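Structure assessment
Read off the chains here:
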Amino acid sequence: MLGVIGGSGLYSIPEVESRELITPFGKPSSKIYIYQDRIAFIARHSENHTFPPHKVPYKANLWALKTLGVDRILAISAVGAIDESLNIGQIVVPEDIINFSIHETFYDGIALEVEGEDIPASLIREGAVVHVDCTDIYCFYMRESIKNILQELKADFKMGGIYACTYGPRFETPAEIMALEKLGASIVGMTSGPEATLARELGLCYANISIVTNLAAGKSKSKLTTTEVIEVVSQKLSLIKEVIFKMADDFGYKSCDCGKYLQEARVG
Ligand code: HPA
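My aim in this report is to walk through the structure given alongside it, one point at a time. (Residues numbered from 1 in each chain as written. Predicted model: local features only at pLDDT ≥ 70, side-chain atom pairs only at ≥ 80, totals over all residues. Heavy atoms only, no water.)

**Things to note about the environment of L153**
Residue position: L153 is located in the loop between helix 3 (140-152) and strand 8 (157-159). Residues L153 and L239, spaced 86 residues apart in sequence, show a C-alpha to C-alpha distance of 8.1 Å. Aside from chain neighbours lying at most four places away, what touches L153 is L239, E242, V243 and K246. (Helix = DSSP H or I, 4+ residues; strand = E, 2+ residues; numbered from the N terminus. Contact = heavy atoms within 4.5 Å.)

**Some thoughts on the site of the ligand**
Near the ligand, the surroundings consist of A78, V79, G80, F171, E172, V188, G189, M190, T213, N214 and L224. In this structure, G80 approaches the ligand through a main-chain N or O atom, which is 3.3 Å from a nitrogen atom. Protein chains shield 95% of the accessible area of the ligand, which is 260 Å² for the free molecule. With three residues, the top contributor of residues to the shell around the ligand is strand 5 (residues 72-81). Considered class by class, the residues forming the shell around the ligand number six nonpolar, four polar and one charged. (Near = heavy atom within 4 Å. Polar contact = N/O pair within 3.5 Å; in protein donor to acceptor, adjacent residues only side chain to side chain. Areas by Shrake-Rupley, 256 points an atom, 1.4 Å probe, with all protein chains shown as cover. Nonpolar A, V, L, I, M, F, W, Y, C, P; charged D, E, K, R; others polar.)

**Some words on the pairing of strand 7 (residues 96-99)**
Burial along strand 7 is one-sided: I97 and N99 are buried, while D96 and I98, pointing the other way, are not. Where strand 7 lies against strand 9 (residues 162-165), four bridges are found, and the strand directions are parallel. Residue pairing for strand 9: D96 is matched across the bridge by I162. (Buried < 20%, exposed > 50% of the residue type's maximum accessible area, 1.4 Å probe, protein only. Pairing = 2+ DSSP bridges.)

**Quick notes on the packing of helix 3 against helix 6 (residues 226-248)**
The geometry of helix 3 relative to helix 6 is characterised by a closest axis approach of 10 Å and an angle of 125° between their N-to-C directions. As summarised for this structure, helix 3 and helix 6 are arranged oblique, according to the angle between their axes. The handedness of the crossing between helix 3 and helix 6 comes out as right-handed. Note on element contacts: helix 6 touches helix 3 through V243, K246 and M247, opposite M142, S145, I146, I149, L150 and E152. When grouped by side-chain class, the residues that make up the contact of helix 3 with helix 6 number six nonpolar, one polar and two charged. (Axes fitted to C-alpha atoms, helices over the stretch in contact; angles between N-to-C directions. Parallel < 35°, antiparallel > 145°, perpendicular 65-115°, else oblique. Left-handed = near helix turned anticlockwise from the far one by under 90°.)

**Considering the pattern of salt bridges**
Per the counting criterion, the structure on display carries 12 salt bridges. In this structure, K66 engages D118 in a salt bridge whose closest nitrogen and oxygen atoms are separated by 2.6 Å. Note that K66 is positioned in helix 1 (residues 58-67) and D118 in the loop between strand 7 and helix 2 (119-126), a separation of 52 residues in sequence. The salt bridge partner of K246 is E152, with a shortest N-O separation of 2.9 Å. Residue K246 is found in helix 6, and its partner E152 is found in helix 3; the two are separated by 94 residues along the sequence. The exposure class assigned to K246 is partly exposed, which follows from its relative accessible area of 30%. Note on E152: relative accessible area 51%, which makes it exposed. Taken together, the salt bridges that share partners define one network made up of E84, E181 and K219. (Salt bridge = Lys/Arg side-chain N within 4 Å of Asp/Glu carboxyl O.)

**What to know about the pairing of strand 3 (residues 32-35)**
Of the two faces of strand 3, the one carrying I32 and I34 and the one carrying Y33 and Y35 are both buried. With three bridges connecting them, strand 2 (residues 17-19) and strand 3 associate as antiparallel partners. Residue pairing for strand 3: R19 is matched across the bridge by I32. Relative to strand 4 (residues 39-43), strand 3 is paired through three bridges, and the arrangement is antiparallel. Following the sheet pairing, Y33 is matched in strand 4 by F41. Count of turn residues in the strand 3/strand 4 antiparallel hairpin: three residues, of which Q36 carries a positive phi of about 45°.

**What to know about helix 6**
Of all the bends in helix 6, the greatest, near 50°, is centred on L237. Of all the positions in helix 6, only V229, V232, V233, L237, L239, I240, V243, I244, F245, M247 and A248 are classed as buried. (Bend = angle between axes of the 7 residues up to and from the residue.)

**Regarding helix 1**
Among the 10 residues in helix 1, nine count as buried, and that is most of the element. What helix 1 keeps buried is the set Y58, K59, A60, N61, L62, W63, A64, L65 and K66. Taken together, the buried residues of helix 1 touch strand 1 (2-6), strand 3, strand 4, strand 5, helix 2 and helix 5 (192-201). In the segment just after helix 1, G69 is the residue with positive phi, at about 95°.

**Structural notes on unusual backbone geometry**
With an omega of -5°, the peptide bond between G168 and P169 qualifies as cis. Of note, P169 is situated in the loop between strand 9 and helix 4 (174-182). In this model, Q36 sits at a positive phi of 45°, which is unusual for a non-glycine residue. Looking at where Q36 falls in the secondary structure, it is placed in the loop between strand 3 and strand 4. Given the relative accessible area of 52%, Q36 is considered exposed. Look at K154: it is not a glycine, yet its phi comes out positive at around 55°. Within the secondary structure, K154 is located in the loop between helix 3 and strand 8. Residue class for K154 comes out exposed when judged on its relative accessible area of 75%.

Structure (structure tokens):
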């Protein structure tokens, strides 16, 4: 089943039943909305946008999706453009991350009673120390699938680039953006860092669709506002929902390696 994590401005998908779960890692940020056993949707910041990026219960969200049978996650985010060749409203499908936000892990070296027969569940039960590889942190096959769908829909999009993840909740200073640009980042957001690496720790495929909602701080003469962020996302919602439904029917990802990264990741 496809898991979808909706970011700022995307809080639901149509015609769904919902489930409320409590996980060993706490309560997820919203109910999980399930569409025809094909899509499990969660609102990252809750339906009323009450969780700032550094307080999102990332572990609970990912564990809840996994518990419901999700094996690949499509995450939707609003981002600022560091690369000035990007347009407002353009979709970016990043290929890598620099994470300056929180670093969370399922493998704290402390045994925790969790249910499940798979590798992550047994490693967590044993309190194992695990160092997971973060190459291709965004699933290659999911990215290919997104590319094909966006091409078919004739969307304005760009493949590749680096997502810099800041702590937030404030926007960045122009000097911070300049530094991130020097490091090679092309877009900036506040959530994909912890989320993508936790998905990898569970062996789940994960890819991101970033909607460019503004030029990053210092790149435009005007001040950044959350109003513009939400407005631009709302203009893209019907496209994003089309992509989500098409992704749910695409199973090409099955040949990827995301589930195998845990096989040689254990130390202690
Ligand atoms: N910076 C960080 N996060 C964001 C931005 C930004 O400019 N725009 C939308 N989310």
